[in-house]
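Okay, here's what each chain looks like letter by letter:
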Amino acid sequence: MSGRPAPEPLVEAAQRDLDALLGILESSGIEVRRPDPLPQTGAYSTPDWHCAAGYSLANPRDLLMVLGDEILETPTAWRSRYFETHAYRSLLHEYFRTGARWTAAPKPRLTDDFYDEGYVVPGKDEPVRYSVSERDCTFDAADFVRCGRDIFYTRSNVTNEFGIEWLRRHLGERYRIHRIESRSRQPMHIDTTFMPLAPGKALINPDNIVREQLPAALDDWDCRYAPPPVIKGVLELSSVWLTMNVLMLDPQRVLVEATQEPLMEMLDAWGFTPVPCPFMGYYVYGGGFHCATLDIRRRGELRSYCK
């Protein structure tokens, strides 16, 4: 965000963790593709604003949404991420040439009056309010998670009602959309709040979720609270609940950060097979396993897992 490269020790730690993740994925027979290098330290602008630097390319699931044979570029509310998907253009071209549908939501203008300049995080007893207005259509892909024909989402500081309604109309009758109510004071991205693991099973955040207030579509699901996270140090770009940002390799095996022993014990007792992988160094860049990956193809058929 400062326009300067991250300190080398942080880069090296994140790279070690990423290499460990890639080793697990590739040894499981998963083909791994990477974005093109895209410098993040240069300034850029539009007719409406100037940005000192980009953000990062660490988390493809934030701004790209895969819906069957469609890959959708989402309209982020962050100026620093406005051109981030350019790093994936060569892959998008390739997927388009081989049959994928490539869609981009309307690019927002992100003028100054889109943001609440006086925004402060609401207190515990205050109603939730957001730092962005409804002047533009904005949403991040990471505020949505798909379970077959059903999509669950949270309203957040990057996803507004305009964006949610745009996506609802775009999808039409292909998918059903359900809102997850979050008690987070700074809501951003669903995958530290509600994480589906397998048909009928989901991990939920005890700080943000009241189980009894989950959508009716989940009435027959086994939704369990994640144990408290094991965190060393301070996370500046994300919640400590990145620990529940796991990745399913298949219906049984689940990638879990290697220091999260309480979570691995819980998942093991629940019938899953935890696969530990160090990833705390990558957390510095605001993402866990789910954020850092974007599965383009999975085996199986499209079906409904909800009521």
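See the structure shown above.
Summarised in this report is the structure supplied together with it. (Residues numbered from 1 in each chain as written. Predicted model: local features only at pLDDT ≥ 70, side-chain atom pairs only at ≥ 80, totals over all residues. Heavy atoms only, no water.)

1. Considering the overall build of the protein
Okay, step 1: In terms of helices and strands, the protein carries six helices and 14 strands.
Okay, step 2: Out of the 307 residues belonging to the protein, those deemed buried represent 50%.
Okay, step 3: For the protein, the accessible area works out to roughly 15100 Å², and carbon and sulfur atoms hold 52% of it.
Okay, step 4: Taking the average location of the 35 positive side-chain charges in the protein and that of its 43 negative ones, the two points are 3 Å from each other. (Helix = DSSP H or I, 4+ residues; strand = E, 2+ residues; numbered from the N terminus. Buried < 20%, exposed > 50% of the residue type's maximum accessible area, 1.4 Å probe, protein only. Areas by Shrake-Rupley, 256 points an atom, 1.4 Å probe, with all protein chains shown as cover. Lys, Arg positive; Asp, Glu negative; His and termini not counted. Charge placed at Lys NZ, Arg CZ, Asp CG, Glu CD.)

2. A closer look at the side chain of Thr-293
Okay, step 1: Position of Thr-293 relative to the elements: it lies in the segment after α6 (289-292).
Okay, step 2: Reaching out from Thr-293, the side chain makes a polar contact with the backbone oxygen of His-290 at a distance of 3.5 Å. (Polar contact = N/O pair within 3.5 Å; in protein donor to acceptor, adjacent residues only side chain to side chain.)

3. Some remarks on the environment of Met-280
Okay, step 1: Secondary-structure assignment places Met-280 in helix α5 (residues 280-283).
Okay, step 2: Along the backbone, Met-280 and Lys-232 are 48 residues apart, and their C-alpha atoms lie at a distance of 8.5 Å.
Okay, step 3: Among residues more than four places away in sequence, those in contact with Met-280 are Asp-17, Val-230, Ile-231, Glu-257, Thr-259 and Gln-260. (Contact = heavy atoms within 4.5 Å.)

4. Some points on the sheet that holds strand β14 (residues 273-277)
Okay, step 1: Spatial strand order, β12-β13-β14: three strands in an open sheet with mixed pairing. At either margin of the open sheet sits one strand with a lone partner, and together these are β12 (247-248) and β14.
Okay, step 2: The pairing of β12 with strand β13 (residues 253-257) spans two bridges and is antiparallel. Paired with Met-248 across the two strands is Val-254, which belongs to β13.
Okay, step 3: Each of β12, β13 and β14 is contacted by helix α1 (residues 8-27), which is oriented at about 145° to β14, the strand it contacts most. (Pairing = 2+ DSSP bridges. Axes fitted to C-alpha atoms, helices over the stretch in contact; angles between N-to-C directions.)

5. A look at the sheet that holds strand β8 (residues 176-179)
Pairing between sheet strands relies on hydrogen bonds along the backbone, with the strands arranged either parallel or antiparallel.
Okay, step 1: Ordered by their spatial adjacency, three strands build an open sheet running β6-β7-β8, and the pairing between neighbours is mixed. The sheet terminates laterally at β6 (144-147) and β8, the two strands that pair on one side only. Strand-to-strand, the axes of this sheet are offset by a mean angle of 25°, without reference to chain direction.
Okay, step 2: Alignment of strand β7 (residues 150-153) against β8, held across four bridges, turns out to be parallel. The residue of β8 that forms the bridge with Tyr-153 is Arg-179.

6. Re the state of the cysteines
Okay, step 1: For the structure on display, the rule yields zero disulfides.
Okay, step 2: The thiol sulfur of Cys-137 is not disulfide-bonded, and the nearest other cysteine sulfur, from Cys-51, lies at 20 Å.
Okay, step 3: Not part of a disulfide, Cys-277 finds its nearest cysteine sulfur in Cys-291, a span of 14 Å.
Okay, step 4: The class for Cys-277 is buried, based on a relative accessible area of 0%. (Disulfide = S-S within 2.5 Å.)

7. Some words on the pairing of β14
Okay, step 1: Sheet topology places β13 next to β14; five bridges connect them, and they run parallel. Bridging from a neighbouring strand, Arg-253 pairs with Thr-273 of β14.
Okay, step 2: In terms of handedness, the path from β13 via helix α4 (residues 261-269) over to β14 forms a crossover that is right-handed. (Right-handed = clockwise from strand over helix to strand, strands pointing away.)

That's the geometry; what it means functionally is another story.
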